[in-house]
Amino acid sequence: MSEPTLLNNEIRDWLMDCGLFNQLLPADFAAASGYFSISTIAQGEEIFHEGDAGSFMCIIHTGQVAVQKTNGDGQLVTIATLRSGRSFGEMAVLDGERRSASCVAASNCQLLNLGKDSLEKMLNDAPKIAAKIIRALAVSLSKRLRMADGQLLLQQV
């Protein structure tokens, strides 16, 4: 195996810091780092648009991201503001469906990105690590769904 690059070491550290993948071993983080990339997004820049094909997911390292949906009147409504450590865009990467919302940088952001192609490559190259990452994403999505269910219930009371 080749020596890790400085970029891979930085990505590894960011993955370890985000808290999403706590069940990974130190060697898993090092191996997974080669499949992620880093992007810098300026405040106000759209990361992706509701209805677009989903080809990547992100984890926020620094900054905030506004999640927006179009309401019945055709206006954008911010439904959540995500902060450091939160992931977004993973539904489209996992299920292949179109984006369910738009995401816009609410401040200058640094993001970790995992492309659908990179996830597929990881599944072939390192299936045990990929399975741990997919499981962590599924747990995160499950927690968000449970929270949304609770919020819907509160609105009905």
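Reading guide: rules and limits
Residues numbered from 1 in each chain as written. Predicted model: local features only at pLDDT ≥ 70, side-chain atom pairs only at ≥ 80, totals over all residues. Heavy atoms only, no water. Helix = DSSP H or I, 4+ residues; strand = E, 2+ residues; numbered from the N terminus. Buried < 20%, exposed > 50% of the residue type's maximum accessible area, 1.4 Å probe, protein only. Pairing = 2+ DSSP bridges. Axes fitted to C-alpha atoms, helices over the stretch in contact; angles between N-to-C directions. Core = buried A, V, L, I, M, F, W, Y, C linked by side-chain atoms within 4.5 Å. Contact = heavy atoms within 4.5 Å. UniProt positions renumbered as here; feature names shortened; annotations may be inferred. Salt bridge = Lys/Arg side-chain N within 4 Å of Asp/Glu carboxyl O.

A.B. asks: Quick rundown of the side chain of Ser140? Include the residues and the values.
C.D. replies: By the secondary structure assignment, Ser140 is in helix H5 (residues 127–156). The exposure class assigned to Ser140 is buried, which follows from its relative accessible area of 13%.

A.B. asks: Quick rundown of the sheet that holds strand E2 (residues 46–48)? Include the residues and the values.
C.D. replies: Here 4 strands make up an open sheet; going across it, the order is E2-E7-E4-E5 and the pairing antiparallel. Since the sheet does not close on itself, it has two edges, and those belong to E2 and strand E5 (76–82), each with one partner. Strand-to-strand twist of the sheet, defined as the mean angle between neighbouring strand axes without regard to direction, takes the value 30°. The sheet contact formed by E2 and strand E7 (residues 102–105) spans 2 bridges and is antiparallel. When the sheet's bridge partners are listed, Glu46 is paired in E7 with Val104.

A.B. asks: Describe the pairing of strand E4 (residues 65–70), with residues and values.
C.D. replies: Looking at chain direction, E4 and E5 are connected through 6 bridges and run antiparallel. Opposite Val65, over in E5, you have Leu82 as the bridge partner. Relative to E7, E4 is paired through 4 bridges, and the arrangement is antiparallel. By the bridge assignment for E7, Gln68 is matched with Ser102.

A.B. asks: Got a sec to walk through the nonpolar core? Specific residues and values, please.
C.D. replies: Grouped together as the largest cluster of nonpolar side chains are 24 residues, with contacts concentrated most on Leu15, Phe21, Phe36, Ile59, Met122 and Ile133. Looking at this core, the elements with two or more residues in it are helix H1 (6–18), helix H2 (26–33), strand E3 (56–62), strand E8 (109–115), helix H4 (116–125) and H5. For this core, the element with the highest residue contribution is H5, accounting for 5 residues. If sequence neighbours within four positions are ignored, Leu15 has contacts with Phe21, Phe29, Ala32, Ser33, Phe36, Ile59 and Leu112. By size, the runner-up hydrophobic cluster in this structure holds 14 residues, among which are Phe48, Val65, Val67 and Leu111.

A.B. asks: Can you lay out the UniProt feature "domain: Cyclic nucleotide-binding" (unreviewed entry) in the chain for me, pointing to particular residues and giving the numbers?
C.D. replies: The positions UniProt marks with the feature "domain: Cyclic nucleotide-binding" (unreviewed entry) are residues 20–140. Helix and strand shares over residues 20–140 are 31% and 35% respectively, and the end C-alpha atoms of the span are 8 Å apart.

A.B. asks: For the pattern of salt bridges, give the residues involved together with the corresponding values.
C.D. replies: By the definition in use, this model includes 5 salt bridges. With a closest N to O distance of 3.5 Å, Glu50 and Lys69 form a salt bridge. Remark: Lys69 occurs in strand E4 and Glu50 occurs in the loop between E2 and E3; sequence separation between them is 19 residues. Note that Lys121 and Asp125 form a salt bridge whose closest N and O atoms lie 2.8 Å from each other. In this pair, Lys121 and Asp125 are both assigned in helix H4, 4 residues apart and thus about one turn of the helix distant. Residue Asp125 is classed as partly exposed on the basis of its relative accessible area of 44%.

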